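The primary structure of each chain is shown beneath.
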Amino acid sequence: MSAKKRIGTIALAALAGAVSGGVFLGAAELVALLTVRDASPIVAVGSFVIDIVPRWAKELAIELFGSNDKLFLLASLGVAVFVAAAVAGVLELWRRGVGVALFAVAGVAAVVATLTRAGASPFGFLPSAVGAVAGAIVLRLLIGRLRAWRGDTAGSDAAGVDRRRFLVLTSVAAAGALVAGVGSRLGSAATSSIAAVRSALRLPAPASRLTVPAGAELDVPGISPLFTPNTDFYRVDTALTVPSVDPATWRLTIDGMVEKRVELSFQDLVDMRPSEYGVTLTCVSNEVGGNLVGNARWLGVPVRDILALARPRRGADMVLSRSVDGFTASTPLDALTDDGRDAILAIGMNGEPLPLEHGFPVRMVVPGLYGYVSATKWLTELKVTTFAADQAYWTPRGYSAKAPIKLSSRIDTPRVDKPLSAGPTKIAGVAWAQTVGIRSVEVRIDGGDWQQAKLSTPINADTWVQWSLDWNATAGSHTLAVRATDRAGRVQEQKRTPIAPDGSTGWQQTLVRVA
Ligand SMILES: Nc1nc2c(c(=O)[nH]1)N[C@H]1C(S)=C(S)[C@@H](COP(=O)(O)O)O[C@H]1N2
Ligand SMILES: [Mo]
């Protein structure tokens, strides 16, 4: 065989391998659609990767791709699968059975990843197993045909026939994999019944409504709205696919160091007459000036009332809240039981049931604590325990077990990327110091004196305030800085510190160009 022909054969083997990899994924998605929805191997392996990647990689992904970090992970995994499958194709060409063995190994790995997910169904092995078998069969067939064709004398009738057989089978397999894979993902999204259940759900009228004082919202173009619309609300979680939890079968277990183990249904929460609370949520990954912060009107029931049903025992100092997908958060027990703090189990967000990606049907919301230590979505268990005995998801991954939100402020307008023309304008933004409240916000232009910004009337100490300062912008470049002071008199720290282990500090500085 000439070198050129050999290279051509290897390339075709790689193609056959990649197509077989596609068959693996496509068949698995189809079986997942028909049997165990959550057992897609690519999702299971992706979730596994999320749990094991080092902190710096995760931070980099969030920094580069923001809320698209999961899409990026899936795409990288897809590429990795095709590359590995192409290699399997070449190996199968080199020695019969080696490529097939590689598919078997991948199948076993996918089965393990699927079965070790939190809440995995015992039949979760089916999609990966069927996918691996289908992929291996196709690989064997394709490489067999490729061998037959490339072994024929060039230009012979047999070569023509075998060539056609190889190409036809490869195209059919590729098309089948594509249709099965894409069709199944679309079908699964379209028939996901949880979205329909959510739209049909009617929330009870709040026992008491949140009072929003006059002057709570400033009228400044470009400022963050007082309440962040659900569709614009930042999303951060480790869930590669949004968990489906039906409120009809949802149960919350309160156990651990309690006098009485308690189980509650969604209706039990509704019967506890939920009220409205205004709370600004913040992610520990929010850089100074970042957008991983949002304010909402939550409908919920105080966690203290729920814990009271179970009666925590003496000695407990933490509640480990658990999500259906295995995520956990460690919240100091007193942050949940203090009369002065409105920690709630929320069922509503801005007048609607919780959106699916924000924890439908029930999540926790605790004023003053970063999301990763308090705001568990798709909540399923509250385990009363101690910091000595239990660790939450992020604790062994380099974040503090306890993490109060740090006082911070942000400039919303003007923005670096929006041109500004000279003349009177407003510098404006938001500032937050949950549970304490904001006393003042100051702005510094071009290193001059700090100037007092005007504040909106706060809803309460748990929500952010808006601030604004009149500015007569002159042509040229200007540096703007902002800092806030809370009602305890603490001034926002100037020193820049990174988000790990317990939240960023520093003053936001922006450069604006005025034309
Ligand atoms: N189940 C689950 N809940 C979770 C998380 C998660 O990864 N899984 N992430 C937490 C983090 S880090 C934050 S900042 C908030 C974000 O809530 P949001 O996505 O509704 O804005 O949810 C928290 N609750
Ligand atoms: Mo977070």
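The rules behind each value
Counting of residues starts from 1 at the beginning of each chain's written sequence and follows it residue by residue. Chains and ligands are labelled by the order in which they are written, letters from A for the one and numbers from 1 for the other. Note on the predicted model: pLDDT of at least 70 is required for a residue's local features to be given, and 80 or more for side-chain atom pairs to be given and counted; whole-chain, interface and lining totals, by contrast, use all residues. For side-chain calculations, the full set of non-hydrogen atoms in the structure is used, while hydrogens and water are omitted. Secondary structure elements are taken from DSSP: a helix is a run of H or I of four residues or more, a strand is a run of E of two residues or more, and numbering for both begins at the N terminus. A simple rule labels every residue: compare its accessible area, found with a 1.4 Å probe on the protein chains alone, to the largest value its type can have, and call it buried under 20%, exposed over 50%, or partly exposed in between. Only the protein chains shown count as covering a residue, and every accessible area follows the Shrake-Rupley method with a 1.4 Å probe. A positive count includes Lys and Arg, and a negative count includes Asp and Glu. His and the chain ends are not counted in either. By convention, the point assigned to a charge is CZ for Arg, NZ for Lys, CD for Glu and CG for Asp. By definition, two strands form a pair when at least two bridges between them are found by DSSP. Here the axes come from fitting lines to C-alpha atoms, over the contacting stretch only for helices, and the angles between their N-to-C directions go from 0 to 180 degrees. Domain delimitation in this document rests on an assignment produced automatically or drawn from a domain database. Whether a set of points on the 1 Å grid over the protein atoms alone is a cavity depends on a 1.4 Å probe fitting there but being unable to get out, while an open set qualifies as a pocket with protein on both sides within 12 Å along at least five of seven lines; lining residues are those with an atom within 4 Å of a point. Grid points are joined across faces, edges and corners, and a volume is the space filled by probe spheres set on the points. Each residue receives one of three labels: charged for Asp, Glu, Lys and Arg, nonpolar for Ala, Val, Leu, Ile, Met, Phe, Trp, Tyr, Cys and Pro, and polar for the others, Gly being one of them. Within 6.5 Å between ring centres, the rings of Phe, Tyr and Trp (the latter by its six-membered ring) count as paired, and their orientation is classed by plane angle as stacked under 30 degrees, edge-to-face over 60, tilted in between. Lysine NZ or arginine CZ positioned within 6 Å of the ring centre and within 35 degrees of the ring normal marks a charge as sitting over the ring. Any Lys or Arg side-chain nitrogen located within 4 Å of an Asp or Glu carboxyl oxygen qualifies as a salt bridge. UniProt positions are given in the numbering used here, feature names are shortened, and annotations may be inferred rather than shown by experiment. Any residue with a heavy atom lying within 4 Å of a molecule or strand is counted as near it. Counted as a polar contact is a pair of N or O atoms within 3.5 Å, where, for protein atoms, one must be capable of donating a hydrogen and the other of accepting one, and residues adjacent in sequence contribute only when both atoms are in side chains. Whether a molecule lies in a cavity or pocket depends on its atoms, and more than half of them have to be within 2 Å of the grid points.

K.L.:
Looking at this structure, I do not really get the overall build of the chain. What am I missing?
P.N.:
Assigned secondary structure in the chain consists of eleven helices and 18 strands. Expressed along its principal axes, the backbone C-alpha trace of the chain runs to roughly 90 × 65 × 40 Å. Across the 515 residues that make up the chain, the buried fraction comes to 50%. When the accessible surface of the chain is split by element, carbon and sulfur atoms take 59% of a total near 23300 Å². Side-chain charges in the chain split into 52 positive and 43 negative, and the spacing between the mean points of these groups amounts to 8 Å.

K.L.:
What exactly am I supposed to notice about the sheet that holds strand β17 (residues 476-486) here?
P.N.:
What links the strands of a sheet is backbone hydrogen bonding, and the strands pair in either a parallel or an antiparallel sense. Read across the sheet, four strands follow the order β14-β13-β17-β18 without closing on themselves; strand pairing throughout is antiparallel. Only two strands of the sheet have a single neighbouring strand rather than two, namely β14 (450-452) and β18 (508-514). The sheet shows a mean angle of 30° between the axes of neighbouring strands, taken without regard to direction. Taken together, the three bridges between strand β13 (residues 438-445) and β14 define a ladder with antiparallel strand orientation. Paired with V443 across the bridge in β14 is Q451.

K.L.:
Just to check I follow, could you spell out the domain arrangement of the chain for this structure?
P.N.:
Interfaces are frequently sized by the accessible area removed from exposure as the parts join. Here the domain parsing of the chain yields domain 1 (3-191), domain 2 (230-397) and domain 3 (408-514). Between the C-alpha centres of domain 1 and domain 3 the distance comes to 50 Å.

K.L.:
I tried to follow the layout of surface pockets on my own but got confused; where do I start?
P.N.:
Empty pockets left among the atoms are what a rolling probe the size of a water molecule brings to light. There is about 1400 Å³ of room inside the largest pocket. Lining the largest pocket are 44 residues; nearest its centre among them are D38, T241, V242, P243 and S244. Elements that contribute at least two residues to the lining of the largest pocket include exactly α1 (3-34), α2 (41-52), α7 (157-190) and α8 (193-200). Its residues placed into classes, the lining of the largest pocket shows 20 nonpolar, 15 polar and nine charged. Here the lining of the largest pocket spans two domains, since at least three of its residues come from each of domain 1 (3-191) and domain 2 (230-397).

K.L.:
I would appreciate a short explanation of the packing of aromatic side chains in the present structure.
P.N.:
Any pair of aromatic rings gets described here by the distance separating the centres and the angle formed by the planes. Going through the model one piece at a time under the given rule, you end up with ten aromatic pairs. Summarising the aromatic geometry, the rings of F233 and Y234 are spaced 5.5 Å apart at their centres and angled 20° between planes, so their arrangement reads as stacked. Summarising the burial analysis for this pair, F233 and Y234 share the class buried. Here F327 and Y393 contribute two aromatic rings whose centre-to-centre distance is 5.8 Å and whose plane-to-plane angle is 35°, an arrangement assigned as tilted. Note that F327 is positioned in the loop between β5 (318-323) and β6 (328-332) and Y393 in the loop between β10 (379-385) and β11 (408-413), a separation of 66 residues in sequence. The residues F327 and Y393 share a single accessibility class, namely buried. Grouping aromatic residues by their ring pairs yields a cluster made of F327, Y372, Y393, W394 and Y399. Between the NZ or CZ atom of R297 and the centre of the ring of F227, over which it lies, the distance is 4.6 Å. Directly above the aromatic system of Y393 lies the positively charged group of R397, at a separation of 3.8 Å from the ring centroid.

K.L.:
Even after reading the chapter, I still don't get the pattern of salt bridges, so can you show me in this structure?
P.N.:
A side chain of one charge can pair with a side chain of the opposite charge when the charged atoms of the two come close. For the structure shown, the criterion picks out 20 salt bridges. Measuring nitrogen to oxygen at the nearest pair gives 3.3 Å for the salt bridge that ties E381 to R322. Taken as a pair, E381 in strand β10 and R322 in strand β5 lie far apart in primary sequence, 59 residues in all. A residue is classified by how much of its surface remains accessible, and R322, at 31% relative accessible area, is partly exposed. Here E442 makes a salt bridge to R483, at a shortest N to O gap of 2.8 Å.

K.L.:
How should the UniProt feature "domain: Oxidoreductase molybdopterin-binding" (unreviewed entry) in the chain be read in this particular structure?
P.N.:
Per the UniProt annotation, the sites labelled "domain: Oxidoreductase molybdopterin-binding" (unreviewed entry) are residues 240-391. Within the segment residues 240-391, helix and strand shares are 12% and 38% respectively, and the terminal C-alpha atoms sit 22 Å apart.

K.L.:
Would you take a moment to explain the site of ligand 1 for this structure?
P.N.:
Neighbouring ligand 1 are 19 residues; Y234, T238, H358, R363 and K377 lie closest to it. Y234 is positioned with one of its backbone polar atoms (N or O) 2.6 Å from an oxygen atom of ligand 1. Within the side chain of H358, one N or O atom sits 2.6 Å away from an oxygen atom of ligand 1. For ligand 1, the cavity whose grid points lie within 2 Å of the majority of its atoms is the second largest pocket. In terms of residue class, the shell around ligand 1 is made up of nine nonpolar, five polar and five charged.

K.L.:
Looking at this structure, how should I read the sheet that holds strand β15 (residues 454-455)?
P.N.:
Spatially, β11-β12-β16-β15 is the arrangement adopted by the four strands of the open sheet, whose pairing is antiparallel. Edge positions in the sheet fall to β11 and β15, since each of these pairs with one other strand and no more. Bridge count for β11 against strand β12 (residues 423-432) is five bridges, and the pairing is antiparallel. Its bridge partner lying in β12, I411 is registered against G429.

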